[in-house]
Amino acid sequence: MIFEVFRQEKKGAAFAHAGSVSAPTAEFAEAFAREQYGRRQESVALWVVPRGEIHAVTDFADELNKTYHRVDGYSLKAKLKEARERAGTAVDR
Amino acid sequence: MNAQELLSIADDELILGWRDSEWTGIAPSLEEDVAFSSIAQNEIGHARALYELAAAALGTTADELAFDRDPSDYRSSQLVEQRRMDWAHTIARHYLYETADEIRLAALKESDDAAVAGLAAKMDREEQYHRLHARMWAERLKDEPRFKEALEELWPYALGVLAPEQRAALAERVGLPETQAVERDGHSDELGELWEEMTMVRRSIPGATW
Amino acid sequence: MRSATKLHPNDRSVGGARVTDQEFLEYVQAGGQVETTDWMPDDYRAKLIKFIEMHGNSELMGVLPEREWILRAPTLQRKLALTAKVQDEVGHSQLIYRVVEDLGKPREQCLADLISGKSKFHNVFHYPTKTWGDVGVIAWLVDAAAIISQKALLKCSYAPYARIMKKICWEESFHILHGRDVILTLMNGTDEQRELVQEALNRWWGPLMQFHGNPIAKDEDPMYVWRIKSQGNEEARQQFLDGYVPQIWELGLTVPDPKLGKNDDGVWEYGEPDWDELKHVVTGHGPKTQERLEFRRRFLEQEAWVRSVVLAEAA
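Residues numbered from 1 in each chain as written. Chains lettered and ligands numbered in written order. Predicted model: local features only at pLDDT ≥ 70, side-chain atom pairs only at ≥ 80, totals over all residues.

(A) Here's a closer look at the packing of helix H5 (residues 87-108) of chain B against helix H8 (residues 167-174) of chain B. Residues and elements named next belong to chain B. At a closest axis distance of 10 Å, the pairing of H5 and H8 adopts a crossing angle of 135 degrees. The angle between H5 and H8 falls in the class oblique. For the crossing formed where H5 meets H8, the hand is right-handed. Listed contacts from H8 to Leu96, Thr99, Ala100 and Ile103 of H5 are Ala169, Leu170, Arg173 and Val174. (Axes fitted to C-alpha atoms, helices over the stretch in contact; angles between N-to-C directions. Helix = DSSP H or I, 4+ residues; strand = E, 2+ residues; numbered from the N terminus. Parallel < 35°, antiparallel > 145°, perpendicular 65-115°, else oblique. Left-handed = near helix turned anticlockwise from the far one by under 90°. Contact = placed C-beta atoms within 7 Å.)

Structure follows, in structure tokens:
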């Protein structure tokens, strides 16, 4: 069975995919992962998961211009300039 | 704990580590190869730490104790000296040795000598993983005829790793009856052959720094 | 570099348009990354498997000459370091064969093809090691030549391979230092120890010069065209000479090539490597090829029961 291994480099860091090991059981996979991804104390923690338990999502639809919920949907420069001029607080910037 | 007693444990770890490192590159699976190599390295590391303690008492160095004694002066047990290049015997030996070593280390951790007790505690923490590994394999192989035969064959040698008063505990843990042990005081030809290969570079230019 | 377009799994389309082989080529040449489930031309997949498999084979075969010296290491420190180094190499072969397996070729098949001689491994691992001098020269120079090739794979268009190369290069960093330490200790030792190094260097120089392969032009090298590697053969060799000949000369060692020298344009000139020897060796006729393959076969067969009884997938 293939087990995927995720490692945490240091406390607080995200767990990142590191690789995979071939093992008959979770117990063997843990032992193998410990050595392959931690024998130099290069990881503070590992997650070992059977490959079959991982579900990949690789397609996303983005068809109808959804900038309303992203930062790039908001350009305030012109409106701010107009507002400052109206209030008499515009200065050369 | 005197230097000679330290040397028996150090020699056990050195010779077993040497034997275990023979599997580097040819273990049954690549993942197991990497895992078993760490165990071999830890054993050599333990040997080194023990030799350093003994060396301080004897006025020499760890390397000189590890390599420069005559083969007949080594105090290793016959269990670790055997060349068993098949996996069933290797795992049987690994399982028996780790179980015996756990008993031995538990006693060492109670030593009056603070340095010895401290080192035993450190070694025991590393050995925890060796024991997990050994048990994992022994459990997986317990019904395999090759493994059962190997265990029975190596059992008298395993008893010889421990002092007589510790053997009953080993028998209880392994689940085999205490029997006549193959004692530590003899060496087979295999140790001599191992020593020849282990020391051939070092002996080629005596006194050199490597 | 234009932004990477998306390649959809098992399907040649990118946003609805069909991807041609040409578009795939342009995609990887612009720095595009390919994942395991992406579509790829059959030729790319086949070349990738062959290249990566050879790398895995080489790591595994390279272990055999080195493991003898673990047993003979003259100090506890060297024994530990060598064991750890060789362990890393076995670990690398594990990483590499996993990549090949995910591309469609099972590990057992890779090992069977290695043993039968159907697939190849790098020239340097077909030669004998004779002394502790070889241990130093291998860790110092052979590993250095290999690391240069490996660094050229860090930007491999096939992303799973690029990712393992990162771990491999990181682990190799101690191998270089260990190699240098062994060599410097020998060079600072006795005359006999210095002679061990020179003698080993004399034997290894030929295979080292052949290691990076015939100097085919980058644009004719499919590995470079597909951006599997980012460097041509001659570029790698020049990098090796530039980095390591000065290191060799500064220790008072000589290189057994009277033509070796850097010209005014900063290019290293050297006596023509024996390309016939290279071909002869990698096709399975090296001095130690058969013995080492036989050794591997022996243990694979002997321990086959372990794989079927213990390591087989849980039912």
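(B) Layout of the interface of chain A and chain B. On the side of chain B, 7 residues touch chain A, which itself brings 10 residues to the contact. Of all elements in the fold, only strand E2 (16-22) and helix H1 (26-38) of chain A reach the threshold of two or more residues within the side of chain A that touches chain B. Ranked by the residues each element gives to the side of chain A that touches chain B, the list is headed by H1(A), at 6 residues. Along the lines of polarity and charge, the residues of the side of chain A that touches chain B split into 5 nonpolar, 2 polar and 3 charged. (Nonpolar A, V, L, I, M, F, W, Y, C, P; charged D, E, K, R; others polar.)

(C) Quick look at the sheet that holds strand E3 (residues 45-50) of chain A. Residues and elements named next belong to chain A. Ordered in space as E2-E1-E3, the 3 strands form an open sheet in which the pairing is antiparallel. Single-partner strands in this sheet number two, and they are E2 and E3. Geometrically, the sheet is characterised by an average inter-axis angle of 30 degrees between neighbouring strands, direction not taken into account. Of the pairings in the sheet, the one linking strand E1 (residues 2-8) to E3 comprises 6 bridges and is antiparallel in character. When the sheet's bridge partners are listed, phenylalanine 6 is paired in E3 with tryptophan 47. (Pairing = 2+ DSSP bridges.)

(D) Looking closely at the interface of chain C and chain B. Counting from both sides, the interface comprises 35 residues of chain C and, opposite them, 35 residues of chain B. Broken down by secondary-structure element, the contributors of at least two residues to the side of chain C that touches chain B are helix H2 (42-72), helix H3 (76-102), helix H7 (191-211), helix H11 (289-302) and helix H12 (304-309) of chain C. Element by element, the count of residues in the side of chain C that touches chain B is highest for H3(C), at 13 residues.

(E) Seen up close, unusual backbone geometry. A positive phi angle is found at Asn65(A), which is not glycine, with a value near 40 degrees. Mapped onto the elements, Asn65(A) comes out in the loop between E3 and helix H2 (77-87). One non-glycine residue, Arg227(C), adopts positive backbone phi at about 60 degrees. Inspection of the secondary structure puts Arg227(C) in the loop between helix H8 (222-225) and helix H9 (233-249). On the neighbour-count criterion, Arg227(C) (21 C-beta atoms within 10 Å) is buried. (Buried ≥ 20, exposed ≤ 12 C-beta atoms within 10 Å, placed from the backbone.)

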